[in-house]
Amino acid sequence: MSRLKDEDNVQDAIQNTILNAYLNIEKLRNSKYFKSWITRILINECNRIYRNSKKDEKLLEKYSSNTVQCTSKALDFDSIIEILDDSKKKIFELYYKDELTVKEISKKLNMSENTIKSELSRGRKKIRSSFKQVSIIIVILCLLVTTSVIAISIISYIKSLFDLNSVGAKNDGVLMAIENLDWYQQVDMSYIDLGNGYKIKFDYLLIDEMNLYLVLDFESENDISKFKNISLNDLKIVNENNEVICDRENVLSDQTRKILGDKLIENDSHHMKSLIYMYTDAFPISKSLDISFSEITLYTKNKRNVINYDTHLQIDLSEKFINRKYIYYASKENTVKKAIITETGFYAIIETNNIDGLKINLLDEHGNIYNCYSHPLLSYNESNKLEYMVIANFNNSDNEILKLVISDNEIELIKDN
């Protein structure tokens, strides 16, 4: 109630929390952490409803001076899509009425997934332009409500995969981008047969200017419940221009700057999923990722099991990653080497002699303070100073001037237009 200040919103938050917990209970690996687990779900729901209510308030303020009466026809789905051409109508019916996924529609209509997404986007824009004032809000709600239960489940799952809180970096900007911008890609590939009953594939990926995440899916005909983690120790990733993004085998290359990790996110007797994550000062704009590895290692507490199989695959990146954008902020001080705002948050590279814990805050033009998470990059630069990656949950690029406060040092960041 202190967060939402409205009884109906509170009830919605509680209901959605219970539903999320029910849909994802198998992900709770230790029942003694149930209270903190479900409390985190509730906090996320409160934040989501709060953000959406703010958007609704702005829309209502905008249209309150000229409200139109909504008729039953305006709320009828068939009437809403009447303005669309036949091809778009079919896609809308399959997506909203039949609740098929983009992938399922793609196969059914023999069209590419990108075409389906584009048609849905264009159709929504046409509908919005045809229904004015308050009708716009109601129409959008009507279009979304049919898939709300499915959406809650998918968003919750994806957020649990890419939640940086679980891998050490507090960046809810990634979660906001996943929820509001569909900022992830489901990888369309079949399992690779490794022999001896083992199979492997990639499920999801996410990339922005500073981060890359891959969800590894591993299956076994044998019981693998004793294993607590899985790793690709010689993983190498390059793009179509042969620019090296990750090279775990060559520890002396520039890739030592990369912070890499593997986090187990699902585990049962025959199945494991692991989140492979890395971040650096910049990832090259890429159309595809060329991924290779030959050593898959399953770990227990005291020993490991190595599966050797030369694996090579290519993943074509979706348009949003190819055309990803960022806003650059310049600084007159050498302390800040780079500062940008992307779809998933604020990032900066700073250099310092301070090897103790840094306290860093970001200030916007209105004086709002955003706590920053910092992590040392694994190298010293030419001036023998340690470089840090700085991350903040902030993606409002409307600010012309930002301030980065590092301990007692206040550094001005100016938007580069």
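Up top you'll find the structure we're talking about.
Quick look at the structure, then. (Residues numbered from 1 in each chain as written. Predicted model: local features only at pLDDT ≥ 70, side-chain atom pairs only at ≥ 80, totals over all residues. Heavy atoms only, no water.)

Let's shift gears to the side chain of asparagine 239. By the secondary structure assignment, asparagine 239 is in strand E6 (residues 236-239). A distance of 3.0 Å separates the side chain of asparagine 239 from the backbone nitrogen of asparagine 241, its partner in a polar contact. Those residues in contact with asparagine 239, other than ones at most four positions away along the chain, are Ile245, Pro284, Ile285, Ser286 and Ser288. (Helix = DSSP H or I, 4+ residues; strand = E, 2+ residues; numbered from the N terminus. Polar contact = N/O pair within 3.5 Å; in protein donor to acceptor, adjacent residues only side chain to side chain. Contact = heavy atoms within 4.5 Å.)

It is worth spelling out a nonpolar patch on the surface at this point. A cluster of nonpolar side chains, Ile14, Ile18 and Leu42, forms an exposed patch at the surface whose accessible area comes to about 240 Å². Considering the arrangement of structural elements, one finds leucine 42 in helix H2 (residues 34-63). (Patch = residues over 30% accessible without salt bridge, like charges linked within 9 Å, V, L, I, M, F, W, Y side chains within 5 Å. Areas by Shrake-Rupley, 256 points an atom, 1.4 Å probe, with all protein chains shown as cover. Salt bridge = Lys/Arg side-chain N within 4 Å of Asp/Glu carboxyl O.)

Where helix H4 (residues 86-97) meets helix H5 (residues 102-109), the closest approach of the two axes is 10 Å, and the angle between their N-to-C directions is 135°. When the axes of H4 and H5 are compared, the pair comes out oblique. The hand of the H4/H5 crossing is right-handed. For the pair H4 and H5, contact is made by Lys90, Ile91, Leu94 and Tyr95 and by Val102, Ile105, Lys108 and Leu109, respectively. Looking at side-chain class alone, the contact of H4 with H5 contains 6 nonpolar, no polar and 2 charged residues. (Axes fitted to C-alpha atoms, helices over the stretch in contact; angles between N-to-C directions. Parallel < 35°, antiparallel > 145°, perpendicular 65-115°, else oblique. Left-handed = near helix turned anticlockwise from the far one by under 90°. Nonpolar A, V, L, I, M, F, W, Y, C, P; charged D, E, K, R; others polar.)

Let us now look at H4. Compared with the 16 Å implied by 1.5 Å per residue over 12 residues, the 15 Å span of H4 between its first and last C-alpha is a close match. Among all positions of H4, only Lys88, Lys89, Ile91, Phe92, Leu94 and Tyr96 are buried. (Expected span 1.5 Å × (residues − 1). Buried < 20%, exposed > 50% of the residue type's maximum accessible area, 1.4 Å probe, protein only.)

In this section: the nonpolar core. Ranked by size, the top nonpolar core spans 57 residues in total, and within it Ile200, Phe202, Phe218, Leu232, Ile237, Ile291 and Ile296 carry the most contacts. Here this core takes 7 residues from strand E3 (residues 198-207), the largest share from any one element. Not counting residues up to four positions away in its chain, the partners in contact with isoleucine 296 are Leu194, Ile200, Phe218, Ile230, Ser231, Leu232, Asn305, Val306 and Ile307. Among the nonpolar cores identified, the runner-up in size contains 21 residues, and Leu386, Tyr388, Ala392 and Phe394 belong to it. (Core = buried A, V, L, I, M, F, W, Y, C linked by side-chain atoms within 4.5 Å.)

Right, let's talk about a negative patch on the surface for a bit. Among the surface-exposed residues, Asp6, Glu7, Asp8 and Asp12 lie close enough to one another that they form a single negatively charged patch. Relative to the helices and strands, aspartate 6 resides in the segment before helix H1 (7-24). (Lys, Arg positive; Asp, Glu negative; His and termini not counted. Charge placed at Lys NZ, Arg CZ, Asp CG, Glu CD.)

Our focus in this paragraph is the packing of aromatic side chains. With the rule as written, the count across this model stands at 6 aromatic pairs. Geometrically, the ring pair formed by tyrosine 184 and tyrosine 204 is edge-to-face, given 6.0 Å between the ring centres and 65° between the ring planes. Taken together, the positions of tyrosine 184 in the loop between helix H9 (172-181) and strand E1 (185-186) and tyrosine 204 in strand E3 put the pair 20 residues apart, joining distant regions of the chain. Judged by relative accessible area, which is 12%, tyrosine 204 ranks as buried. (Phe/Tyr/Trp six-rings, centres within 6.5 Å; stacked < 30°, edge-to-face > 60°.)

Looking now at the pairing of strand E7 (residues 244-247). One ladder, built from 3 bridges, connects E6 with E7; its direction is antiparallel. In the sheet register, isoleucine 237 faces E7, and the bridge partner there is cysteine 246. (Pairing = 2+ DSSP bridges.)

Okay, the environment of alanine 339 next. Along the chain, the position of alanine 339 falls in strand E13 (residues 336-342). In this structure alanine 339 comes out as buried when scored by relative accessible area, which is 0%. In contact with alanine 339, not counting residues within four places along its chain, are Ile327, Tyr328, Tyr329, Phe346, Tyr347, Ala348 and Leu413.

Before going further, it helps to spend a moment on unusual backbone geometry. A positive phi angle, near 55°, is found at asparagine 110, a position not held by glycine. With respect to the helices and strands, asparagine 110 occurs in the loop between H5 and helix H6 (113-130). Asparagine 110 gets classed as exposed once you look at its relative accessible area, which sits at 72%. Non-glycine residue asparagine 242 carries a positive phi angle of around 65°. You can see asparagine 242 is positioned in the loop between E6 and E7. You can call asparagine 242 exposed: its relative accessible area is 59%.

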